[in-house]
Amino acid sequence: MANTTRSSEVIKTSSSGAWQGDNPLNYAFPLLILQTILVLFISRFLAFLLKPLRQPKVIAEILGGILLGPSALGRNQDFLRWIFPSWSTPILESVASIGLLFFLFLVGLELDLTSIRRSGRRAFTIALAGISLPFLFGIGLTFLLRRAIKGEEKVGYAQCLMFTGVALSITAFPVLARILAELRLLTTQVGETAMAAAAINDVAAWILLAISVDLAAGNNNPSGTSTTSPLVSIWVLLSGVLFVAFMLLLVRPFMSWLSTRCSSQQQDLVDEAYICLTLAGVMASGFMTDLIGIHSIFGAFVFGLTIPKGGDLAGRLIKRIEDFVSGLLLPLYFASSGLKTDVTKIRGAEAWGLLLIVISTSCAGKIMGTFVVAMLCMIPARESLALGVLMNTKGLVELIVLNIGKEKKVLNDEMFAILVMMALVTTFMTTPTVMAIYKSSSSNITTKGSSNSKSDKDKECLRILACIHGPGNVPSLLNLMDSLQNSPLKLYVMHLVELSDRSSSIMMVQRARKNGYPLVNRFCRGSSTLQYHDQLVASEFKAYSRVHGQVTIRHLTAISALSCMHEDILQVAQAKRVSMIFLLSMEVLGHGWRGVNQRVLKAAPCLVAVFVDGGFGLGSESDQEDQELPAAASTSSTAITIPKKRVCVLFLGGPDDRQALELGGRMAQHADFMVTVVRLLCVHHHERNCYSISAKHDVDLEKELDEGAMAELKRKSEVEYIEKVVAEGNIEETVRSIGQSKVYELVIVGKRRFPSSMASQLNQIDQSELGTIGDALVSAQAVISSSVLVIQHQQSLNSKKSSAPLLPPNTDGNQDLSLV
């Protein structure tokens, strides 16, 4: 860096400061800092503007680079002279190339070669069609571009065809994973097929790119004659094949051994050494391929393929370098690319007509080839069309190919600008086009037929959708399910995964594949924390289903932003025809997750139960001490009895409370549970209980329904019944005293609203997630040892229908729906 000359002057790294009379913009490092700040600001600002359009971040970064280049801000010569002078270009590109090297390592890390083998003939055929047809179209397109664009005729036809064909046929795997996740298609059949085909496409594209670079290495000189022997290209290709064989046959087993050593039980110092060794391997691999004559990014990509996808090493590498590479260094690469992109070179009707032809050819080749082959593979027309549009995603990988082509002087300024605009347009159109194809949200669910013998059982079973965040609440959830298991139970366990800007493609794809414990057992062979948690959850549910023969458990995964997570929950609840949605309410989850619960409660098509976990069914210290006494007296033949789990149902009246009463009645039929119903009668509303309904006929109707529900409970179940007369101002104190008594392990309440006069007595608590009584119980969480279950009846039903039983008859159903 210090040896770079600028007008016969030596460029220094850092200045002595403005007080010493130095201009920091004349020095390499301060200028690089300013350039980085400017690039990050523009790219983040554009990403914010494009977020409502649900565009991937790569679109904003490409646009930001173009804006900084000669197409917009770069047209001002003063701006270029001060901010992006020509002498700073090699420095900026060198730093950006380091980021690109590690990004391609992450791309290789995110591609699982075993998934390509598992994907079967369908994904391979679709990927082959998505590559071959655009390449065939590229033959004619290359002929046209070389004739129409001045200067391109000097480039060899083979070199131009290879770069044009790769540019038309490539699919950006990381960008596609992000688009699928944001559209909530990652867990569908379309998403699964698209990711498998994109993985195959990516591997093929990088091999073709390596061949293209090799052909371009002997590119024509200005006189049009070749400067290298044809034997050189053969040696380069053979060396590249030997490099890949060496990496897969020798380096890959070593990295597998290294991954097993890099476990959570190892010391941090040892793990740090392994990670540093891996990062050094990235640089060494890039140097080797550059030495061979293939671009250095190919070496980093192949090295990423050698890292096992199931161990701690992959997860730790992603955590360590993804934010720094994707958030800081990659935008610099887009900026350096934008400085080379001059959209003004596309001038005149002929040039814009060429751009339209290139875009049309790219879309036609990818979409048509994928659509036809997908239809031949018996994929429905709408899914086939969506698959074709998704496979047309270009983005960053396309830009890398084009930059290499420009660097090798295969693409001149005009052709480079045309192909960059093509990549931008095709990637931009992916999201809105797929959303237009999938206008109905129900298209994310695919239907699988089931046998008639199972359909009769499905009509009689209780269907519950339980939403979990991790293994911490699984034991309490299973204890709750155990209390409801008086009839066949079908439990859909939906693992909610937040999609954030930091979510890597590999993590999203791994989560998407784990839709059932057979898949979890197959893919969870590493020891990473993520996989350990998923495997632990799956094993607990698997063991539970084996013990309880009447329980069928299905695992689902929802990967969404918190703002639209409730749509996935409601969609699955409706498709599975569940009777109850089970949600978790925990302070550690934060306000975002509570907002998800509130949106589900607002639009749920069925009963909703919000659970505040206090260790239900896990036993307390006092329980353990009580159990030690009979154990010590075992010599006197004293029988050891397991204490029953005590459950309290607080009943004040109303639709929600009646549903809570019925749930308590189901628990009372279980031999391991003792249920107590505490009926609170307000002093000033003794005749009509604590109803929130002011109209007299509504009050009379609610009173009649309440008395009928209570009589039905006493007739069917053996419960302890207690009545308490309380004043309005003492409701909060009475409710808390029940929770603080440590008599009950679980308190079930209805999510109901009091009149405004009562709400003022309860500190005007207005939390829509837990309701007034639930908030009163949980507000003193430090001294309340009970778990709390808040019940809300179906919002779309009226008062008469809301008193319907928890287990409604299913009238439609010889089909079982599955989230793929």
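Reading guide: rules and limits
- Residues numbered from 1 in each chain as written.
- Predicted model: local features only at pLDDT ≥ 70, side-chain atom pairs only at ≥ 80, totals over all residues.
- Heavy atoms only, no water.
- Patch = residues over 30% accessible without salt bridge, like charges linked within 9 Å, V, L, I, M, F, W, Y side chains within 5 Å.
- Areas by Shrake-Rupley, 256 points an atom, 1.4 Å probe, with all protein chains shown as cover.
- Salt bridge = Lys/Arg side-chain N within 4 Å of Asp/Glu carboxyl O.
- Helix = DSSP H or I, 4+ residues; strand = E, 2+ residues; numbered from the N terminus.
- Buried < 20%, exposed > 50% of the residue type's maximum accessible area, 1.4 Å probe, protein only.
- Pairing = 2+ DSSP bridges.
- Core = buried A, V, L, I, M, F, W, Y, C linked by side-chain atoms within 4.5 Å.
- Domains from an automatic or database assignment.
- Contact = heavy atoms within 4.5 Å.
- Phe/Tyr/Trp six-rings, centres within 6.5 Å; stacked < 30°, edge-to-face > 60°.
- Lys NZ or Arg CZ within 6 Å of the ring centre and 35° of its normal.
- Expected span 1.5 Å × (residues − 1).
- Axes fitted to C-alpha atoms, helices over the stretch in contact; angles between N-to-C directions.
- Parallel < 35°, antiparallel > 145°, perpendicular 65-115°, else oblique.
- Left-handed = near helix turned anticlockwise from the far one by under 90°.
- Disulfide = S-S within 2.5 Å.
- Nonpolar A, V, L, I, M, F, W, Y, C, P; charged D, E, K, R; others polar.

A.B. asks: What am I meant to see in a nonpolar patch on the surface here?
C.D. replies: Together, Phe 41, Phe 45, Phe 48 and Leu 49 make up a nonpolar patch on the protein surface, roughly 480 Å² of accessible area in all. By the element assignment, Phe 41 lies in helix H1 (residues 28-50).

A.B. asks: Please explain the pairing of strand E12 (residues 746-750) as it appears in this structure.
C.D. replies: Most of E12 is tucked away: 5 of the 5 residues are buried. Alternating positions in E12 separate into two faces, Leu 746, Ile 748 and Gly 750 on one and Val 747 and Val 749 on the other, with burial throughout. Here strand E9 (residues 645-651) pairs with E12 via 3 bridges, running parallel. Residue pairing in the sheet places Val 649 in a bridge with Ile 748 of E12. Bridge count between E12 and strand E13 (residues 787-792): 5 bridges; the pairing is parallel. Residue Gly 750 lies in a different strand from E13, and its bridge partner there is Ile 791.

A.B. asks: I keep staring at the nonpolar core and nothing clicks. Help me out?
C.D. replies: In summary, soluble globular proteins display a tendency toward joint burial of nonpolar side chains. Residues Leu 104, Phe 105, Trp 206, Ile 307 and Ile 400 are the most contacted members of the largest nonpolar core, which totals 145 residues. Take this core: its biggest share by element is 16 residues, from helix H8 (residues 189-217). Two domains share this core, each providing at least three of its residues, namely domain 1 (97-220 + 230-324 + 354-439) and domain 2 (460-519 + 526-618 + 643-684 + 700-755 + 765-792). Setting aside anything within four residues of it in sequence, one finds Ile 307 in contact with Phe 105, Leu 109, Met 255, Thr 278, Leu 313, Ala 314 and Leu 317.

A.B. asks: How should the packing of aromatic side chains be read in this particular structure?
C.D. replies: Working definition: an aromatic ring pair is given by the centre-to-centre distance plus the angle between the planes. A complete count under the given rule lists 7 aromatic pairs for this structure. Judged by centre distance (5.9 Å) and plane angle (55 degrees), the ring pair of Phe 79 and Phe 84 falls under tilted. Between Tyr 333 and Phe 334, the aromatic rings sit 6.4 Å apart at their centres with planes inclined by 70 degrees, giving edge-to-face as the arrangement. Each of the two residues, Tyr 333 as well as Phe 334, counts as buried. The ring of Phe 673 carries the charged tip of Lys 645 above its face, separated from the ring centre by 5.3 Å. Positioned above the aromatic ring of Tyr 721 is the side chain of Lys 714, whose terminal nitrogen or guanidinium carbon lies 3.9 Å from the ring centre.

A.B. asks: Would you explain helix H25 (residues 655-668) in this entry?
C.D. replies: Think of an α-helix as 3.6 residues a turn; residues three or four steps apart then line up on the same face. With 14 residues, H25 ought to run about 20 Å at 1.5 Å a step, and its terminal C-alpha atoms sit 20 Å apart, in line with that. In terms of burial, H25 is a largely internal element, 13 of the 14 residues being buried.

A.B. asks: What is the right way to read the packing of H1 against helix H2 (residues 57-68) from this model?
C.D. replies: The geometry of a pair of packed helices is captured by two quantities: the angle between their axes and the separation between those axes. It is the contact of H1 with H2, at a shortest axis distance of 8 Å, that shows an interaxial angle of 130 degrees. Comparing the axis directions of H1 and H2 gives the class oblique. For the element pair H1 and H2, the recorded crossing hand is right-handed. On H2, the residues that touch Leu 38, Val 39, Ile 42, Ser 43, Arg 44, Leu 46, Ala 47 and Leu 50 of H1 are Lys 57, Ile 59, Ala 60, Glu 61, Leu 63, Gly 64, Leu 67 and Leu 68.

A.B. asks: Teacher, can you tell me more about the environment of Met 435 here?
C.D. replies: With respect to the helices, strands and loops of the structure, Met 435 is situated in helix H16 (residues 413-437). In the structure, Met 435 is positioned 252 residues away from Leu 183 in sequence and 7.7 Å away in space, judged by C-alpha atoms.

A.B. asks: I'm lost on the sheet that holds strand E4 (residues 462-468) in this one. Help?
C.D. replies: Within a beta sheet, neighbouring strands are joined by backbone hydrogen bonds and run either parallel or antiparallel to one another. The 10 strands lie next to each other as E6-E5-E4-E7-E8-E13-E12-E9-E10-E11, forming an open sheet whose pairing is mixed. Whereas interior strands pair on both sides, the edge strands pair on one side only; in this sheet they are strand E6 (551-560) and strand E11 (720-726). Direction aside, neighbouring strands of the sheet carry axes that sit 20 degrees apart on average. As judged from the 7 bridges shared by E9 and strand E10 (residues 673-682), these two strands associate in the parallel manner. Within E10, the residue paired with Val 647 across the bridge is Val 675. Packed on one face of the sheet, helix H22 (residues 565-576) meets E4, strand E5 (489-498), E6 and strand E7 (580-584) and runs near 165 degrees to E5. Most of the contacts of helix H29 (residues 771-778) go to E12, to which it runs at about 150 degrees, and overall it touches strand E8 (607-612), E9, E12 and E13.

A.B. asks: Got a minute to help me understand the pattern of salt bridges in this structure?
C.D. replies: Two side chains of opposite charge can pair, provided their charged atoms sit close to one another. Under the defined criterion, the tally for this structure stands at 7 salt bridges. The closest approach of N and O atoms between Arg 81 and Asp 78, which form a salt bridge, is 2.8 Å. One end of the pair, Arg 81, and the other, Asp 78, are both in helix H3 (residues 77-82), 3 residues apart, so they sit about a helical turn from each other. A salt bridge links Asp 413 to Lys 406, with the shortest nitrogen-to-oxygen separation between them at 2.3 Å. Owing to a relative accessible area of 33%, Asp 413 belongs among the partly exposed residues under this scheme.

A.B. asks: Is there a simple way to explain unusual backbone geometry in this structure?
C.D. replies: Leave glycine aside and you will find that most residues have negative phi; peptide bonds, for their part, are mostly trans. Located in the positive-phi region is Arg 54, a residue other than glycine, with phi close to 60 degrees. The topology assignment puts Arg 54 in the loop between H1 and H2. Judged by relative accessible area, Arg 54 falls into the partly exposed class, the value being 26%. Of note, Lys 409 is a non-glycine position whose phi angle comes to about 65 degrees, a positive value. Assignment of secondary structure puts Lys 409 in the loop between helix H15 (396-407) and H16.

A.B. asks: Help me out: how do you make sense of the state of the cysteines in this one?
C.D. replies: What we call a disulfide is simply a covalent bond connecting the sulfur atoms of a pair of cysteines. Within the structure shown, the criterion is met by 0 disulfides. Sulfur of Cys 606: no disulfide; nearest cysteine sulfur belongs to Cys 467 and is 10.0 Å away. Judged by relative accessible area, which is 5%, Cys 606 ranks as buried.

A.B. asks: Would you take a moment to explain the side chain of Ser 384 for this structure?
C.D. replies: You can see Ser 384 is positioned in helix H14 (residues 381-391). What makes Ser 384 buried here is its relative accessible area of 0%. Those residues in contact with Ser 384, other than ones at most four positions away along the chain, are Phe 371, Ala 374, Met 375 and Ile 379.

A.B. asks: Explain the packing of helix H18 (residues 474-484) against H25 to me, please; I cannot follow it from the model alone.
C.D. replies: Relative orientation of the contacting elements H18 and H25 amounts to 80 degrees, with a least axis distance of 7 Å. Classified by the angle their axes make, H18 and H25 are roughly perpendicular. Each of Leu 480, Ser 483 and Leu 484 in H18 lies in contact with H25, whose residues at this interface are Leu 663, Arg 666 and Met 667. Within the contact of H18 with H25, the residues separate by chemical class into 4 nonpolar, 1 polar and 1 charged.

Purely spatial values, then, with no claim about function.
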